[in-house]
Amino acid sequence: MTAEPDQTDKVKNRSNLRIVIACSAFVASMVGVSFAAVPLYQLFCQVTGYGGTTQRAEQFSETILDRTIKVRFDANTASGLPWEFKPVQREVEVRIGETILINYTAENTSDRVTTGQATFNVTPMSAGAYFNKVQCFCFTETALKPGESMEMPVLFFVDPAIVDAVDTKNIDTITLSYTFFPHESEKPVAAAAEPVQDNDTL
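Residues numbered from 1 in each chain as written. Predicted model: local features only at pLDDT ≥ 70, side-chain atom pairs only at ≥ 80, totals over all residues. Heavy atoms only, no water.

**Regarding the packing of aromatic side chains**
Working definition: an aromatic ring pair is given by the centre-to-centre distance plus the angle between the planes. Scanning the model with the defined rule gives 12 aromatic pairs in all. Plain terms: the ring middles of Phe-73 and Phe-156 are 6.2 Å apart, the flat faces sit at 70° to each other, and that makes the pair edge-to-face. Linking Phe-73 in strand β2 (residues 68-77) with Phe-156 in strand β9 (residues 149-158), this pair joins segments that are 83 residues apart in sequence. Accessibility classification places Phe-73 together with Phe-156 in one group, the buried group. Consider the rings of Phe-120 and Tyr-178, whose centres lie 6.2 Å apart with planes at 55°: the pair is tilted. With Phe-120 in strand β6 (residues 114-123) and Tyr-178 in strand β10 (residues 173-182), the pair connects residues that are 58 residues apart, well separated along the chain. According to the relative accessible area criterion, Tyr-178 is buried, its value standing at 0%. By way of ring pairs, the aromatic residues Phe-73, Trp-83, Phe-85, Tyr-104, Phe-120, Phe-131, Phe-137, Phe-156, Tyr-178 and Phe-180 are connected into one cluster. Sitting over the ring of Phe-120, Lys-133 keeps its end group 3.3 Å from the ring centre. (Phe/Tyr/Trp six-rings, centres within 6.5 Å; stacked < 30°, edge-to-face > 60°. Helix = DSSP H or I, 4+ residues; strand = E, 2+ residues; numbered from the N terminus. Buried < 20%, exposed > 50% of the residue type's maximum accessible area, 1.4 Å probe, protein only. Lys NZ or Arg CZ within 6 Å of the ring centre and 35° of its normal.)

Here's what the structure looks like:
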């Protein structure tokens, strides 16, 4: 009579153990997915141009059209980064497919070394897949010493395929927008660099 309850308890324990293992595996997989979500989303945006994300090109366009398009430039600085950041030119008119070099400028208005990283997008968002950057300061972080200013180039072209797509063929103006944020390593870099700056001034 006592064997049956013992057997039942063993079955229940095994069942509970399976549930615990399954739940643990599910939680672990969700944590993994959450960490992968941001880089995967960024990769998706870069490949598709979704959300106005521009493309990164390894070479210039081989086709240049007679048709022109206006490109405007916007600059923003997030709180916590003491920089004055702006485009040298507010807008240019370029031939579609033509590679153009423009510049932004940034100045560190603080008394310490600061490091920033720029995010970017274009509007209208449907144009993101056709805006190709060959060179850009946004590909890496930028460090500026106290009072230092820097010109930061952007080398780009608008893919001629923009005139073939139904949702982009009538676009005549694109706005390229950057926002500089404090880089995660800014504080340690500043702390390490400040004594060097003091020595330079002696």
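**Focus on the environment of Asn-108**
Position of Asn-108 relative to the elements: it lies in strand β5 (residues 100-108). Residue classification places Asn-108 among the buried residues on the basis of a relative accessible area of 1%. For the pair formed by Asn-108 and Met-150, sequence separation is 42 residues and the distance between their alpha carbons is 9.0 Å. Among residues more than four places away in sequence, those in contact with Asn-108 are Pro-82, Trp-83, Val-113, Thr-114, Leu-144, Lys-145, Pro-146, Gly-147 and Glu-148. Within the structure, Asn-108 has its side chain in polar contact with the side chain of Ser-110 (distance 2.7 Å). (Contact = heavy atoms within 4.5 Å. Polar contact = N/O pair within 3.5 Å; in protein donor to acceptor, adjacent residues only side chain to side chain.)

**Focus: the state of the cysteines**
Applying the stated criterion across every chain yields a total of one disulfide. With its sulfur 2.4 Å from that of its partner, Cys-136 forms a disulfide with Cys-138. Here the S-S torsion is close to 130°, and the disulfide linking Cys-136 with Cys-138 is therefore right-handed. Of the two residues, Cys-136 and Cys-138, both sit in the buried class. (Disulfide = S-S within 2.5 Å.)

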